[in-house]
Structure formats: C-alpha cells, structure tokens
Amino acid sequence: MACWDSPTIVFFDLETTGLCVKRCHITQLGASYEDYNFDQYILPRIPIQEKASELTGMTVSGGRLFVYGQRVKTVFVYRALKSFINFLGDFHGPVLLAAHNSRRFDELVLMRLLAKFSLFKRFKKVVSGFVDTLLLSKDLYPDLHGYSLQKLAHRFLGGEYNCHNAVDDAELLEKLFNIWDPNDEDIWNVTKWI
DNA sequence: TGCCAGGCCCTCTTTAGGGCCTT
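Quantities reported herein were computed from a predicted structural model and do not represent experimental measurements.

Now for the packing of helix 5 (residues 133-140) against helix 7 (residues 166-180). Interaxial distance between helix 5 and helix 7 falls to 12 Å at its minimum, and their mutual angle equals 30 degrees. Here helix 7 runs roughly parallel to helix 5, going by the angle between their axes. Considering only the axes of helix 5 and helix 7, their crossing is left-handed. Residues Thr133, Leu136, Ser137 and Leu140 of helix 5 pack against Leu173, Phe177 and Trp180 of helix 7. Residues that form the contact of helix 5 with helix 7 fall into these classes: five nonpolar, two polar and no charged.

Here is the structure:
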C-alpha cells in the first residue's frame, strides 16, 4: 500500500540534434499536463544530424531554425531551461517528470544541461524525480512485441503515430499513461528520485 | 568546422553478439 502523496506527473519530451547524450543539443523542449503545455524551440550550436532532421523536420539555415521549412522562434537553451523550471514550479509541490526511455536519454540530456548552466538546485526545488514510461510499459504489459512510443500508440490508441514533435509526443505519452492507469507502486518501481 | 551513442536485456550466452529504445 502506498504511503506517499501522489505527486503531479508532467510528461515531457526532448527533440535533439542526435542521440549522443553527452554531446547532443536540445532543439525543442515540450511538456504536457492536462490542459497545460510547455513548448520552446532552441537553436542548436552543433549541426542537426541527418536522421534527426529527417525525423523532426528541423533544419538550421542562416542561424535560424526551421521546422518543415517554416521558421520558428527560438530561445537560448539557458532561457528555455529557466522557463521550464518556472512552468514546473506552477504546479502544487515538486512534480515527477515522465518521458519515454527517460532513464537512458531525456533525463541524462536534461541533467547534463542543468548542471552545465548551474540550474540543478532550482530544478530540484520543483522536480522530485523521473518516471520512465518505457520501463513502465514493459512492467505493465510484458508480452508486447515492441515498446517504442509509436508501437504503443498503435497498440493502445489505434492508428499510426509519427509525431516527433516534443509537445505532441508528450501529449501522446500522457494519453497512454492515462489509459494504462498505473497504481502508485507501478510508478514507484520505475521512478528515479533526484 | 564542429557532430555522427550507449547501456540494458535476451538468448541459439557466460571466452558473445545482436536487438531495442531515445534523436
């Protein structure tokens, strides 16, 4: 039986220049909780890898970021992180941040940048930990043939999903989570406290 | 110009290797 107050779980997703958690730059930071969304594009200081560009539609030209050819407003990564912390601080009590494969990717990238910009202390005041929905889906449904966000969306929501937009993916993850309706112990098992 | 991964999990394993998951 759970003996803790269930914290708010905010779903988030990063689009990045590539898959190297030690070096990649964030190109979009998105989050979702019910009717509240966070969405900021960031101009990367390193090239976007071809595969990442193919998936997200993002390109850089003349020091500007484009998504499928449409220019988008960008902010410096430091400002995006501070805005994200402020967004999370508006919720009641420290929140849990949930992402798909967060333990191997999103969490690592985010924590690296928070440390780099000396924002971890502020972040820690509003976030208590990370929930990995990839591990959660494996725990809840051990007999599935695949656990990618796309496959899970197809399995539980029907249709084809190929978002690769940070906010859309965060919203999609929130929908899946609500369908799965895990109990506190399920969530606890895949939560990494910070 | 730069940058182009990494760690867990599973099995036809363990003196290994391939698949998965994120962009």
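Having put the structure on the table, let's press on.
With that settled, the discussion passes to the side chain of Ser32. Looking at where Ser32 falls in the secondary structure, it is placed in strand 2 (residues 26-33). At 2.6 Å, the side chain of Ser32 and the side chain of Glu174 are in polar contact. The residues contacting Ser32, other than those within four sequence positions of it, are Val10, Phe11, Asn37, Ala170, Glu171 and Glu174.

This next bit is on the sheet that holds strand 8 (residues 95-99). With mixed pairing, seven strands are arranged side by side in an open sheet as 7-3-2-1-8-9-10. Only two strands of the sheet have a single partner each, and these edge strands are strand 7 (74-75) and strand 10 (191-193). As paired strands, strand 8 and strand 9 (residues 127-132) are joined by five bridges and run parallel to one another. Bridge pairing in strand 9 places Leu97 opposite Phe130.

It is worth spelling out helix 2 (residues 77-89) at this point. Given a rise of 1.5 Å per residue, 13 residues ought to cover 18 Å, and the 18 Å separating the end C-alpha atoms of helix 2 matches this to within 8%. All of the buried residues along helix 2 are Val77, Ala80, Leu81, Phe84, Ile85, Phe87 and Leu88. Buried residues of helix 2, seen end-on, are gathered within an arc of 160 degrees and therefore sit on one face of the element. Along helix 2, the residues that are exposed and aim more than 90 degrees away from the buried face are Arg79 and Asn86.

For strand 1 (residues 9-16), the tally of buried residues reaches eight of eight residues, placing the bulk of the element in the interior. The alternating pattern of strand 1 places Ile9, Phe11, Asp13 and Glu15 and Val10, Phe12, Leu14 and Thr16 on opposite faces, both of which are buried. Here strand 1 runs beside strand 8; their pairing, made up of three bridges, is parallel. Paired with Phe11 across the strands is Ala98, a residue of strand 8. Two strands pair when backbone bridges link them, and strand 1 and strand 2 are joined in this way by six bridges, in the antiparallel orientation. In the sheet register, Glu15 faces strand 2, and the bridge partner there is Gln28.

This paragraph deals with the protein's contact with DNA strand B. Around DNA strand B, the surrounding shell holds 27 residues, and the nearest of these are Glu15, Arg23, Arg104, Tyr147 and Leu149. Arg23 places a polar side-chain atom, nitrogen or oxygen, 2.3 Å from a phosphate oxygen of DNA strand B. Of all the secondary-structure elements, those providing two or more residues to the surface near DNA strand B are strand 1, helix 1 (50-56) and helix 6 (149-157). The residue inventory of the surface near DNA strand B, partitioned by class, reads ten nonpolar, nine polar and eight charged.

With phi around 50 degrees, Tyr68 is a residue other than glycine that occupies positive phi space. Within the element layout of this structure, Tyr68 appears in the loop between strand 5 (64-67) and strand 6 (70-71). Of note in the backbone geometry, Asp181 takes a positive phi value of approximately 50 degrees without being a glycine. Take Asp181: it is sitting in the loop between helix 7 and helix 8 (184-189).

Right, let's talk about a positive patch on the surface for a bit. Side chains of Lys82, Lys121, Arg122 and Lys125 sit close together on the surface and give a patch of like positive charge. No other element matches helix 4 (residues 120-126), which puts three residues into the positive patch. Note on Lys82: relative accessible area 30%, which makes it partly exposed.

The rules behind the values
- Counting restarts for each chain, with residues numbered from 1 along the sequence as it is written.
- Chains carry letters and ligands carry numbers; both start at the beginning, A for chains and 1 for ligands, and go up in the order they are written.
- Per-residue local features of the predicted model are confined to residues with pLDDT of at least 70, and side-chain atom pairs are confined, for both listing and counting, to 80 or more; whole-chain, interface and lining totals are unaffected and use all residues.
- Only hydrogens and water are removed before side-chain values are computed, so all heavy atoms of the structure are retained for them.
- To get an axis, fit a line to the C-alpha atoms, keeping to the stretch in contact for a helix; angles then go from 0 to 180 degrees between the N-to-C directions.
- In this description a helix means any DSSP run of H or I spanning at least four residues, a strand means any run of E spanning at least two, and both kinds are numbered starting from the N terminus.
- Should an angle fall under 35 degrees it is called roughly parallel, over 145 degrees roughly antiparallel, and 65 to 115 degrees roughly perpendicular, with every other angle called oblique.
- Crossing handedness is read from the near helix: turned anticlockwise from the far helix by less than a right angle, it gives a left-handed crossing, and turned clockwise, a right-handed one.
- Contacts are assigned to residue pairs that have any heavy atoms within 4.5 Å of one another.
- In this classification, the charged set is Asp, Glu, Lys and Arg, the nonpolar set is Ala, Val, Leu, Ile, Met, Phe, Trp, Tyr, Cys and Pro, and all remaining amino acids, among them Gly, are polar.
- Between N or O atoms, a polar contact is any pair within 3.5 Å; within protein, one atom must be a potential hydrogen donor and the other a potential acceptor, and residues adjacent in sequence are included only when both atoms are from side chains.
- In this scheme, strands are said to pair when DSSP sees at least two bridges between them.
- Given a helix with a known number of residues, its expected span is that number minus one, times 1.5 Å.
- Here's how the labels work: a residue is buried when its accessible area is under 20% of the maximum for its type, exposed when over 50%, partly exposed in between, all with a 1.4 Å probe on protein chains only.
- The directions considered for the arc run from the helix axis to the C-beta atoms.
- Any residue with a heavy atom positioned within 4 Å of a molecule or strand is treated as near that molecule or strand.
- Here a patch means residues that are over 30% exposed by relative accessible area and free of salt bridges, tied together within 9 Å if like-charged and within 5 Å if nonpolar (Val, Leu, Ile, Met, Phe, Trp, Tyr).
- What sets the accessible areas is the Shrake-Rupley method with a 1.4 Å probe; for residues, cover comes only from the shown protein chains.
- Criterion for a salt bridge: a side-chain nitrogen of Lys or Arg within 4 Å of a carboxyl oxygen of Asp or Glu.
- His is not counted, nor are the chain ends, whereas Lys and Arg count as positive and Asp and Glu as negative.
- A charge is said to be at NZ when it belongs to Lys, at CZ for Arg, at CG for Asp and at CD for Glu.

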